[in-house]
Amino acid sequence: MPAAERSTCLLVGTPAAKAADIVAQRESLASEAGDAANVSFEQLDRLSMVSLPKSHYKKIVSGATGPACFMHTVSALGQFATALQPNGSLHLTEPIALVEDASLSPLRTMTTLFRDLTLNGFIDLAALALWVVDPVELKVWAATPTSPLAGAVNATAWFGKVAVVEVVAKKPSYEIGASTALPLKFKKSAPAKEETSRIKVEPAKVSVWKVSANDEDDEDLVNEDDLIDEDDYLKPDLTDCGTTDGTAAKKKACKNCSCGLAEMEAEDEVRKEEEQAAKKQKVATKAVPAVQSSCGNCYLGDAFRCASCPYLGMPAFQPGEKVTLSLKDDLTV
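Calculation notes
Residues numbered from 1 in each chain as written. Predicted model: local features only at pLDDT ≥ 70, side-chain atom pairs only at ≥ 80, totals over all residues. Heavy atoms only, no water. Helix = DSSP H or I, 4+ residues; strand = E, 2+ residues; numbered from the N terminus. Buried < 20%, exposed > 50% of the residue type's maximum accessible area, 1.4 Å probe, protein only. Contact = heavy atoms within 4.5 Å. Areas by Shrake-Rupley, 256 points an atom, 1.4 Å probe, with all protein chains shown as cover. Patch = residues over 30% accessible without salt bridge, like charges linked within 9 Å, V, L, I, M, F, W, Y side chains within 5 Å. Salt bridge = Lys/Arg side-chain N within 4 Å of Asp/Glu carboxyl O. Pairing = 2+ DSSP bridges. Axes fitted to C-alpha atoms, helices over the stretch in contact; angles between N-to-C directions. Lys, Arg positive; Asp, Glu negative; His and termini not counted. Charge placed at Lys NZ, Arg CZ, Asp CG, Glu CD. Arc of directions from axis to C-beta. Core = buried A, V, L, I, M, F, W, Y, C linked by side-chain atoms within 4.5 Å. Disulfide = S-S within 2.5 Å. pLDDT = per-residue confidence, 0-100.

Observations regarding the overall build of the chain
Scanning the chain from N- to C-terminus turns up 8 helices and 8 strands. Counting every position in the chain, which comprises 333 residues, the buried fraction comes to 25%. For the chain, restricting intrachain contacts to residue pairs at least 6 apart in sequence, the fraction spanning at least 24 positions comes to 68%. Total accessible area on the chain stands at roughly 24,200 Å², and carbon and sulfur atoms take up 53% of it.

As structure tokens, then:
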């Protein structure tokens, strides 16, 4: 078998795995692929420090060597997806939480594990086996110093809630990030010769209004002068407008007056109302009757008048002068 056609496999071990278990697992993978199989080995905790060859392995096995208390980070899953060839397979053994419980952190559930695998490009996910971890195994996890669960495992509280699952996933038949052009152009089949002769291509009609300066000449317009009769040019006869009362020559406006007499009468009414209001507001002057002064000093002013003086509040005047009182400020209209 040529070297290019040899089956290439990667075995990823855990830091707590025994050397004898790693050798046995490596030999088992070599026997499955044939004597010429090339099985590589790498530690799980060293994946962040190495660069795996791109699209090199047909199969990757990780976590199969116990104890199974090591989880695969999202970064490790991404490295596996890059290192696998198209249609290559990934076999994982990882602890999971059977229930969603904050006390089981940092374990993830089966749903979360499948989600992380899918987001890294794996397809055809399947769980090959699942078994519940017994208290003895949980104590081994707690006693493993290199395990990320060493300080979190509670054998009493975790029993019945933690299991180990073997998952197989497949890489698609194309490389991650590959692109291809989509056939978006569709060829239209030509019609048969008999049908072609029947088809008539009509020019497209543009439905646009066209306005011409001569459009008015083509339409029948009504002459404005024909709408006016001879009677419309005659002035209205006002001799018969209104009725007379007795000998008075003044006329009253008709009910449907159109000669302007009704407006004139309205203006007269407004003018009469204004005149009547002006008369009411006219200042009245009332003469004060002559009063015989007992002291003879009333004409000198308020400084020389008594409290009951009828001239109190009036300005000084000459003796014998006729005094009048203005009632303008005291008049209420």
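So, a nonpolar patch on the surface
A cluster of nonpolar residues, Leu98, Val99, Leu130 and Val132, forms a patch on the protein surface that exposes about 310 Å² of accessible area. Examined against the element boundaries, Val99 turns out to sit in the loop between strand 4 (84–97) and helix 3 (110–119).

What to know about the sheet that holds strand 6 (residues 162–170)
Strand order in the open sheet made by the 6 strands is 2-1-3-4-6-5, with mixed pairing throughout. The strands lining the two open edges of the sheet, one partner per strand, are strand 2 (38–43) and strand 5 (123–132). Recorded for the sheet is a direction-independent mean angle of 15° between the axes of neighbouring strands. Taken together, the 7 bridges between strand 5 and strand 6 define a ladder with antiparallel strand orientation. Bridging across to strand 6, Trp131 finds its partner in Val164. This element, helix 2 (residues 74–83), spans strand 1 (8–13), strand 3 (57–62) and strand 4 of the sheet and lies at about 160° to strand 4.

Notes on the pattern of salt bridges
This structure, assessed with the given rule, holds 7 salt bridges. Where salt bridges share partners, they join Glu94, Arg108, Arg115 and Asp116 into one cluster.

Quick notes on a negative patch on the surface
On the surface, Asp229, Glu230, Asp231 and Asp232 cluster together into a patch of negative charge. Looking at the element boundaries, Asp229 is found in the loop between helix 7 (215–218) and helix 8 (261–280). Classification of Asp229 as partly exposed rests on a relative accessible area of 49%.

Overview of helix 3
Within helix 3, the full set of buried residues consists of Leu113, Asp116 and Leu117. For helix 3, the arc enclosing every buried residue in end-on projection is 100°, short of the 170-degree limit, so these residues lie on one face. Turned more than 90 degrees away from the buried face of helix 3, the exposed residues are Thr111 and Leu119. Where the residues of helix 3 are buried, they touch helix 2, strand 4, strand 5 and strand 6.

Observations regarding the environment of Glu100
Its place among the elements puts Glu100 in the loop between strand 4 and helix 3. Using a relative accessible area of 76% as the deciding quantity, one classes Glu100 as exposed. Note: C-alpha distance between Glu100 and Lys161 (61 residues apart in sequence) is 9.2 Å.

Description of the nonpolar core
If you look at the biggest cluster of nonpolar residues, it comprises 39 residues, and the most contacted ones within it are Ile60, Phe80 and Trp141. Counting residues per element, the ones that place at least two in this core are strand 1, strand 3, helix 2, strand 4, helix 3, helix 4 (135–143), helix 5 (155–158) and strand 6. With 6 residues, strand 6 is the single largest residue contributor to this core. Excluding anything up to four places from it in sequence, Ile60 contacts Leu10, Val12, Phe80, Ala83, Leu84, Ser89, Leu90 and His91.

A word on the state of the cysteines
Going through the model one piece at a time under the given rule, you end up with 0 disulfides. Of all cysteine sulfurs, the one in Cys309 lies closest to Cys298, which takes part in no disulfide; the gap is 3.6 Å. Assessed through its relative accessible area of 8%, Cys298 is described here as buried.

Quick word on unusual backbone geometry
Most peptide bonds are trans, and most residues other than glycine sit at a negative phi. Along the chain, Ser105 connects to Pro106 via a cis peptide bond; the corresponding omega equals 15°. Examined against the element boundaries, Pro106 turns out to sit in the loop between strand 4 and helix 3. Positive phi, close to 50°, is recorded for Ser55, a residue that is not glycine. Structurally, the position occupied by Ser55 is in the loop between strand 2 and strand 3. A positive phi angle, close to 50°, is found at Asp124, a residue other than glycine. Note on placement: Asp124 falls in strand 5.

Regarding the confidence of the model for the chain
Taken over all residues, the pLDDT of the chain has a mean of 78, while the share at 70 or more is 74%. The low-confidence segment residues 1–5, where pLDDT is below 50, has 2 contacts with residues more than four positions distant or belonging to other chains. A low-confidence stretch, residues 283–288 stays under pLDDT 50, and its non-local contacts, those more than four residues away or across chains, total 9 contacts.

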